[in-house]
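Next come the chains, spelled out residue by residue.
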Amino acid sequence: MIRFESLLARAARRDPSRIALVTQHVRATYADFDAAASRFAAGLVGSGFAHGERCVILADNRFETAVAIFGTLRAGGIFSVINPMTKADKLAFVLNDCEAAVLVTQASLLGVARNAAKQVPSLRRIVVIDAVDEADGPSWHAFMTGAADLAPGPPRGIDIDLAMLVYTSGSTGRPKGVMMTHRNMVFAATSITTYLESRSDDVVLSVLPLAFDYGLYQLLMCVMCGSTLVLERSFAFPQNILPLLSSEGVTGFPLVPTMAALILQLRSFDPAWARSVRYLTNTAAALPPAHIARLRSLFSHARVFSMYGQTESKRCTYLPPEQLEQRPDSVGIAIPGTEVWVADDDGKPVAANVIGELVVRGGHVMQGYWNNEEATRRALRPGRYPWEKVLHTGDLFRIDDEGYCYFVARKDDMIKSRGEKVSPKEIENVLYALPGVSEAIVVGVPDAMLGQALKAFIVRSADSSISARDVIAHCAARLEDFMTPRLIEFRDALPKTSTGKIRRAALQAEVENREIPPE
Ligand code: ASP
């Protein structure tokens, strides 16, 4: 049995002077990181924090966020990292939902934190990472040094204890806390580091928020392998971030499609940046095949992993890079040690190439949504065997004759046009292949004749002047007539979630003249 915090202690024992974390202000060794996590745990325990209590962390990607994550686990607690852009009401909802005992935040977010805290009776303490004066409340420093060191002893719990809650936006607008045990996390991190062939001499550069499981696992997986994480806060200015690839000798670089689009738009790309990178990964939304090809030519030594996942099981599938040439639009096979299949509306497996819902089975599947039995019942349903539940993803897939998976659409994103079912993804892949298209999304506009008419929202790359006619001609040459969008609108930017996904639901609501749903 392994609890996740023991992996930090193990890394510190094996190679105490190895750099664990590099941030703008800190270069911390594994010994530093481990000692800081223990001090944070001592602070929590000293303030009466009980086994299984929740510590919510509202902070940027920084050293202290990582310390609070591992410190909470070491104290026997459950952590939840919340995106620092979260507003007070949503934060209050989350704090109340999980009945948080402690909130860790930073001075710049104290206003939001205090506004939320007023509405949360369970909250006993706010710890402010960089408190500037006493009035800001108990500072990080005081918290870390105030309590006696945690006595070495047995771990404060076992591996089936909950370790974290990851809040994801629900379709109703009410966030849902995905419950993951230590065992879930160790399993998922082992499976992913197996196919990435991660090593202790890897250096991973991550700009993804630690509140997003894709970002969080960069930290967890580096700790598991004893490798180095270079943690940045944003990719808004890629020219400032990409030089880190060469200066830090980065070997692994996780991307989401928006980041790829920003890289591909750069006027100049220094080949030195790509030299040490041995793998790129993409998840959250599919990378258009045209972008994959261009990324591969920039990062010519790197293996590119197209992946698909959901917070509810962390990751579901990955495409072995050797398959990329042959099936650039596939997200591959189940991650090691797990199974996936496609089921019909009654939950029965369907034949190859038939579209249905993707179902996932494995040690990475969540325990359910915190405090939300109804949503849990919908997602986790009886599986192949009476003693277990499997995850119903709500995503439509097909699996080809050789067992490779293809994302078709979110169940509720399918468009019905001229009586035909249309997958917006298929059209978007074609749009991305048109030079000058930086980002694209297709939605269905209510139409008396067609049911839904296809509309494409497009962001042009900086130097492009493609017109609506160019777009329609390009699609008409490659897609069936009923799949060719006739309504084209160019925008400077598309609405995004805090994790960088284009907000399809917001654009869909806009064309239907409905109120834009919350993220
Ligand atoms: N959990 C997913 C992954 O890491 C990302 C997502 O939820 O979009 O693959």
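Scoring rules and cut-offs
- Residues numbered from 1 in each chain as written.
- Predicted model: local features only at pLDDT ≥ 70, side-chain atom pairs only at ≥ 80, totals over all residues.
- Heavy atoms only, no water.
- Helix = DSSP H or I, 4+ residues; strand = E, 2+ residues; numbered from the N terminus.
- Rg over C-alpha atoms; globule rule 2.2 N^0.38 Å.
- Buried < 20%, exposed > 50% of the residue type's maximum accessible area, 1.4 Å probe, protein only.
- Contact = heavy atoms within 4.5 Å.
- Areas by Shrake-Rupley, 256 points an atom, 1.4 Å probe, with all protein chains shown as cover.
- Lys, Arg positive; Asp, Glu negative; His and termini not counted.
- Charge placed at Lys NZ, Arg CZ, Asp CG, Glu CD.
- Core = buried A, V, L, I, M, F, W, Y, C linked by side-chain atoms within 4.5 Å.
- Patch = residues over 30% accessible without salt bridge, like charges linked within 9 Å, V, L, I, M, F, W, Y side chains within 5 Å.
- Salt bridge = Lys/Arg side-chain N within 4 Å of Asp/Glu carboxyl O.
- Near = heavy atom within 4 Å.
- Polar contact = N/O pair within 3.5 Å; in protein donor to acceptor, adjacent residues only side chain to side chain.
- Nonpolar A, V, L, I, M, F, W, Y, C, P; charged D, E, K, R; others polar.
- Disulfide = S-S within 2.5 Å.
- Arc of directions from axis to C-beta.
- Phe/Tyr/Trp six-rings, centres within 6.5 Å; stacked < 30°, edge-to-face > 60°.
- Lys NZ or Arg CZ within 6 Å of the ring centre and 35° of its normal.
- 1 Å grid on protein atoms, 1.4 Å probe; cavity = no way out; pocket = protein on both sides within 12 Å on 5 of 7 lines; lining within 4 Å.
- Points joined across faces, edges and corners; volume = space filled by probe spheres on them.

A.B. asks: Mind showing me how you'd approach the overall build of the protein chain here?
C.D. replies: For the protein chain, the count of helices and strands is 17 helices and 26 strands. Taking 24 Å as the expected radius of gyration for a compact globule of 519 residues, we find that the protein chain reaches 23 Å, a close match to that expectation. Taken along the three principal axes of its C-alpha coordinates, the protein chain extends 70 × 50 × 45 Å. Expressed as a percentage of the 519 residues in the protein chain, the buried residues total 57%. Relative to all contacts within the protein chain whose residues are 6 or more apart in sequence, the contacts with residues 24 or more apart total 66%. A total accessible area of about 21,700 Å² is found for the protein chain, and carbon and sulfur atoms account for 51% of it. Counting 56 positive and 57 negative side-chain charges, the protein chain places the averaged centre of each group 1 Å from the other.

A.B. asks: What exactly am I supposed to notice about the nonpolar core here?
C.D. replies: What tends to happen in soluble globular proteins is that the nonpolar side chains get buried as a cluster. Grouped together as the largest cluster of nonpolar side chains are 121 residues, with contacts concentrated most on Phe33, Phe40, Phe70, Val104, Leu219, Phe253 and Phe299. Considering every element that reaches this core, the biggest residue donor is helix α8 (residues 213-225), with 9 residues. Ignoring sequence-local partners within four residues, the contact set of Leu219 consists of Leu21, Phe33, Ala66, Ile69, Phe70, Leu210 and Leu229. If you look at the next biggest cluster of nonpolar residues, it comprises 24 residues, including Ala100, Leu103, Leu123 and Leu165.

A.B. asks: What am I meant to see in a nonpolar patch on the surface here?
C.D. replies: There is a patch of nonpolar side chains on the surface, built from Met1, Ile158 and Ile160 and spanning about 320 Å² of accessible area. The residue Ile158 is located in the loop between α6 (140-146) and β7 (162-168) in this model. What makes Ile158 partly exposed here is its relative accessible area of 43%.

A.B. asks: Even after reading the chapter, I still don't get the site of the ligand, so can you show me in this structure?
C.D. replies: In the vicinity of the ligand, the contacting residues are Phe212, Asp213, Tyr214, Thr283, Ala284, Gly309, Gln310, Thr311, Lys314, Arg315 and Lys501. Between the ligand and Asp213, the relevant distance is 2.8 Å, taken from a nitrogen atom to a side-chain nitrogen or oxygen of the residue. Within the contact set of the ligand, an oxygen atom lies 2.6 Å away from a side-chain nitrogen or oxygen of Lys314. Protein contact buries 98% of the 270 Å² of open area that the ligand shows by itself. Per-class residue counts for the shell around the ligand are 3 nonpolar, 4 polar and 4 charged.

A.B. asks: Explain the state of the cysteines here, please?
C.D. replies: Cysteine pairs can be linked by a disulfide, which is a covalent bond between their two sulfur atoms. Tallying each qualifying case throughout the model produces 0 disulfides. Residue Cys98 stays outside any disulfide, its sulfur separated by 9.6 Å from that of Cys55, the closest cysteine.

A.B. asks: Any chance you could explain helix α1 (residues 4-14) here in plain terms?
C.D. replies: For an α-helix the count is 3.6 residues per turn, leaving residues at separations of three or four pointing the same way. The set of residues buried in α1 consists of Phe4, Glu5, Leu7, Leu8, Ala11 and Ala12. Along the long axis of α1, the arc covered by the buried residues comes to 150°, so they all point the same way. Across from the buried face of α1, at angles greater than 90 degrees, the exposed residues are Arg13 and Arg14. Those residues of α1 that are buried are in contact with α2 (30-46), α3 (63-74), α7 (182-196) and α8.

A.B. asks: What am I meant to see in the environment of Arg156 here?
C.D. replies: As for its placement among the helices and strands, Arg156 is situated in the loop between α6 and β7. Taking the C-alpha atoms as reference, Arg156 lies 6.4 Å from Ala75; in sequence the two are 81 residues apart. When near neighbours in sequence (up to four residues on either side) are disregarded, Arg156 contacts Arg3, Val45, His51, Arg74, Ala75, Gly76, Leu150 and Asp161.

A.B. asks: Would you mind going over the side chain of Ser306 with me for this structure?
C.D. replies: Its place among the elements puts Ser306 in strand β13 (residues 303-308). Judged by relative accessible area, which is 6%, Ser306 ranks as buried.

A.B. asks: Can you walk me through the environment of Thr105 in this structure?
C.D. replies: Residue position: Thr105 is located in strand β5 (residues 102-105). We classify Thr105 as buried; its relative accessible area is 0%. Residues Thr105 and Ala117, 12 residues apart in the sequence, show an inter-C-alpha distance of 12 Å. Residue contacts for Thr105: discarding those within four places in its chain leaves Leu58, Leu110, Ala113, Ile126, Val127, Val128 and Ile129.

A.B. asks: Please explain the packing of aromatic side chains as it appears in this structure.
C.D. replies: Within a pair of aromatic rings, the relevant descriptors are the distance that separates the centres and the angle that separates the planes. The full count for this structure, using the stated rule, is 17 aromatic pairs. Aromatic pair Tyr385 and Trp387: ring centres 4.9 Å apart, planes at 10°, arrangement stacked. Relative accessible area serves as the criterion here: at 31%, Tyr385 is assigned to the partly exposed category. The interplanar angle of 90° and the centroid separation of 5.6 Å between the aromatic rings of Phe397 and Phe407 together place this pair among those described as edge-to-face. You can see Phe397 sitting in strand β20 (residues 389-399) and its partner Phe407 sitting in strand β21 (residues 405-410), a full 10 residues away along the chain. Within the aromatic cluster, the residues linked to one another by ring pairs are Phe4, Phe33, Phe63 and Phe70. The lysine or arginine in question, Arg398, covers the ring of Tyr406, its NZ or CZ lying 4.2 Å from the ring centre.

A.B. asks: How should empty space enclosed by the protein be read in this particular structure?
C.D. replies: Empty space among the atoms can be located by rolling a probe the size of a water molecule over them. Here the structure, examined in full by the defined rule, presents 4 cavities of 30 Å³ or more. Counted as a void, the largest cavity has a volume near 70 Å³. Lining the largest cavity, in full, are Thr193, Leu196, Ser198, Arg199, Asp202, Val204, Gln218, Met221, Cys222, Cys225, Ser227 and Tyr279. Counting only elements with at least two residues in the lining of the largest cavity, the list comes to α7 and α8. With 4 residues, the top contributor of residues to the lining of the largest cavity is α8.

A.B. asks: Sorry if this is basic, but what is going on with the layout of surface pockets here?
C.D. replies: In this structure, the second largest pocket encloses a volume near 710 Å³. Taken together, 34 residues make up the lining of the second largest pocket; nearest its centre are Ser234, Phe235, Ala236, Ser498 and Gly500. Secondary-structure elements contributing two or more residues to the lining of the second largest pocket are α11 (257-265) and β24 (437-447). The greatest single-element share of the lining of the second largest pocket, amounting to 5 residues, is contributed by α11. A per-class count over the lining of the second largest pocket returns 18 nonpolar, 11 polar and 5 charged.

A.B. asks: Explain α11 to me, please; I cannot follow it from the model alone.
C.D. replies: Of all the 9 residues making up α11, 7 are buried; the element is thus mostly covered by neighbouring parts of the structure. All of the buried residues along α11 are Pro257, Thr258, Met259, Ala260, Ala261, Ile263 and Leu264. Check the buried side of α11 and you find it contacts β11 (252-255), β12 (279-282), α13 (289-298) and β24.

In short, shape yes, function no, at least from these values alone.
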